[in-house]
Amino acid sequence: RLLTTYQANGLKVLPYIFQPPEWATSAPPDVKRNRHGYPPKDPADYEDAIFQFVARFGRNQVDPSLLKSDDKKSGLGLIDAVELWNEPNLNDPGWGPFVGPLTQYFDVLRAGAQGARRADPNLPITSCGFAGIGLETVGLLHEHKYADGKTPLDFVDVINVHFYSGRSEPETAGWDPNVERSGPSMGGTTYPEQVADLVAWRDRLKPEAEIWLTETGNDVGGPI
């Protein structure tokens, strides 16, 4: 009902899917806080979750025998893309969206992308929304290599990033307080410079990929 209302009012829907349920989390039994921030024990569970979600809400009809829903509906056409996790480069055990290294996230990303492709080969897949747009993080989409030589960039259609400008306006901001929470680093480049670097990187490695800025704003660390 919610997704139908969004679409009926001309809104495009980009769901991002993360935080595994208790039965799937890899959080140790003695961890009490942020258990859902831990990745799934088995990336195949994430692959199946994305498959089931995209099968239902994407635009492709799927063999009903593959569906776990009671009503066996598929191809409802109620989402316009799917985003695989949120800000996994923020990995603080107490609150981070992904408690683990980015190398582990990339295994989850590949699993999710494979699930989405099986369900709807034409649905756009975005990477996680990275916290920040710096190539020291986003560039790992190309630098990380799987055992078969492929990279995470091979599995996504959209490079998805977030940028917050603190108490500065974006045009002059050189510090993203959502990423560098202990304060700005020396010699930081401005937001426009970082955008230009990201676009040049994209143009060199995957020119057909779009860049989406899916979160932005001013201060996120306290009152302005």
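Here goes a summary of the coordinates provided. Computed from a predicted structure; not experimentally measured.

Bringing the overall build of the chain into the picture now. Counting its secondary structure elements, the chain contains 6 helices and 6 strands. Helices (α) and strands (β) of the chain occur, in sequence order from the N terminus, as α-β-α-β-α-β-β-α-α-β-α-β. In summary, the chain has a C-alpha radius of gyration of 18 Å against a globular reference of 17 Å for 224 residues, a match within 12%. Projected onto the principal axes, the alpha-carbon positions of the chain cover approximately 55 × 45 × 40 Å. Burial analysis of the chain (224 residues in total) assigns 46% to the buried set. A fraction of 64% describes how many contacts in the chain between residues 6 or more apart in sequence connect residues 24 or more apart. A total of about 11600 Å² of accessible surface is found on the chain, and carbon and sulfur atoms cover 54% of it. Here the chain holds 21 positive side-chain charges and 31 negative ones, and the gap between their average locations is 7 Å.

What follows deals with the nonpolar core. Within the largest apolar cluster, 43 residues are counted, with the highest numbers of intra-cluster contacts made by Leu84, Tyr105, Leu109, Val138, Leu141 and Ile159. Per-element accounting of this core gives the leading share, 8 residues, to helix α3 (residues 102-119). When near neighbours in sequence (up to four residues on either side) are disregarded, Tyr105 contacts Leu84, Trp85, Pro88, Phe98, Ser127 and Cys128.

Structurally, Asp80 is set in the loop between α2 (43-57) and β2 (82-84). A distance of 3.1 Å separates polar atoms of two side chains, one belonging to Asp80 and the other to Gln7. At 2.8 Å, the side chain of Asp80 and the backbone nitrogen of Val13 are in polar contact.

The next subject is the pattern of salt bridges. The tally for this structure, following the rule as stated, stands at 8 salt bridges. The shortest N-O distance in the salt bridge between Asp80 and Arg59 comes to 3.6 Å. With a gap of 21 residues between them, Asp80 in the loop between α2 and β2 and Arg59 in the loop between α2 and β2 connect regions that are remote in the sequence. Close ionic contact of Asp148 with Arg110 constitutes a salt bridge, the shortest N to O distance being 2.7 Å. In this pair, Asp148 is assigned in the loop between α5 (140-143) and β5 (158-164) and Arg110 in helix α3, connecting sequence segments 38 residues apart. Accessibility expressed as a relative area gives 46% for Asp148, which makes it partly exposed.

A surface patch of nonpolar side chains, about 310 Å² in accessible area, is lined by Leu2, Tyr6 and Leu11. Residue placement: Leu2 occurs in helix α1 (residues 2-8).

A word on unusual backbone geometry. Phi is positive for Asn34, which is not a glycine, with a value near 55 degrees. On the secondary structure map, Asn34 appears in the loop between β1 (16-17) and α2. Positioned with a positive phi, Glu87 is a non-glycine residue whose angle comes to about 45 degrees.

Let's shift gears to the environment of Pro124. Examined against the element boundaries, Pro124 turns out to sit in the loop between α3 and β3 (125-126). Sequence separation between Pro124 and Glu47 is 77 residues, and the spatial gap between their C-alpha atoms is 16 Å. Filtering out sequence-adjacent residues up to four positions away, Pro124 remains in contact with Asp80, Ala81, Val82 and Asp157.

Another point: the layout of surface pockets. Once rolled over the atoms, a probe with the size of a water molecule shows which space is left empty. Considered as a void within the structure, the largest pocket measures approximately 300 Å³ in volume. Lining the largest pocket are 21 residues, with Gly134, Glu136, Glu180, Thr189 and Gln194 sitting closest to its centre. Within the residue set of the lining of the largest pocket, elements represented by two or more residues are α4 (135-138) and α6 (191-205). For the lining of the largest pocket, the element with the highest residue contribution is α4, accounting for 4 residues. Looking at the lining of the largest pocket, its residues break down into 8 nonpolar, 9 polar and 4 charged. Estimated volume of the second largest pocket: approximately 230 Å³. Contributing to the lining of the second largest pocket are 15 residues, with Pro21, Trp23, Asp45, Tyr46 and Ala49 lying nearest its centre.

Its 18 residues place the ends of α3 26 Å apart at the C-alpha level, agreeing with the 26 Å of an ideal helix rising 1.5 Å per residue. Among the residues making up α3, those that are buried are Leu102, Tyr105, Phe106, Val108, Leu109, Arg110, Ala111, Gly112, Ala113, Gly115, Ala116 and Ala119. Its buried side turned inward, α3 meets α2, β2, β3, β4 (130-131), α4 and α5.

The rules behind these values
- Residues numbered from 1 in each chain as written.
- Predicted model: local features only at pLDDT ≥ 70, side-chain atom pairs only at ≥ 80, totals over all residues.
- Heavy atoms only, no water.
- Helix = DSSP H or I, 4+ residues; strand = E, 2+ residues; numbered from the N terminus.
- Rg over C-alpha atoms; globule rule 2.2 N^0.38 Å.
- Buried < 20%, exposed > 50% of the residue type's maximum accessible area, 1.4 Å probe, protein only.
- Contact = heavy atoms within 4.5 Å.
- Areas by Shrake-Rupley, 256 points an atom, 1.4 Å probe, with all protein chains shown as cover.
- Lys, Arg positive; Asp, Glu negative; His and termini not counted.
- Charge placed at Lys NZ, Arg CZ, Asp CG, Glu CD.
- Core = buried A, V, L, I, M, F, W, Y, C linked by side-chain atoms within 4.5 Å.
- Polar contact = N/O pair within 3.5 Å; in protein donor to acceptor, adjacent residues only side chain to side chain.
- Salt bridge = Lys/Arg side-chain N within 4 Å of Asp/Glu carboxyl O.
- Patch = residues over 30% accessible without salt bridge, like charges linked within 9 Å, V, L, I, M, F, W, Y side chains within 5 Å.
- 1 Å grid on protein atoms, 1.4 Å probe; cavity = no way out; pocket = protein on both sides within 12 Å on 5 of 7 lines; lining within 4 Å.
- Points joined across faces, edges and corners; volume = space filled by probe spheres on them.
- Nonpolar A, V, L, I, M, F, W, Y, C, P; charged D, E, K, R; others polar.
- Expected span 1.5 Å × (residues − 1).

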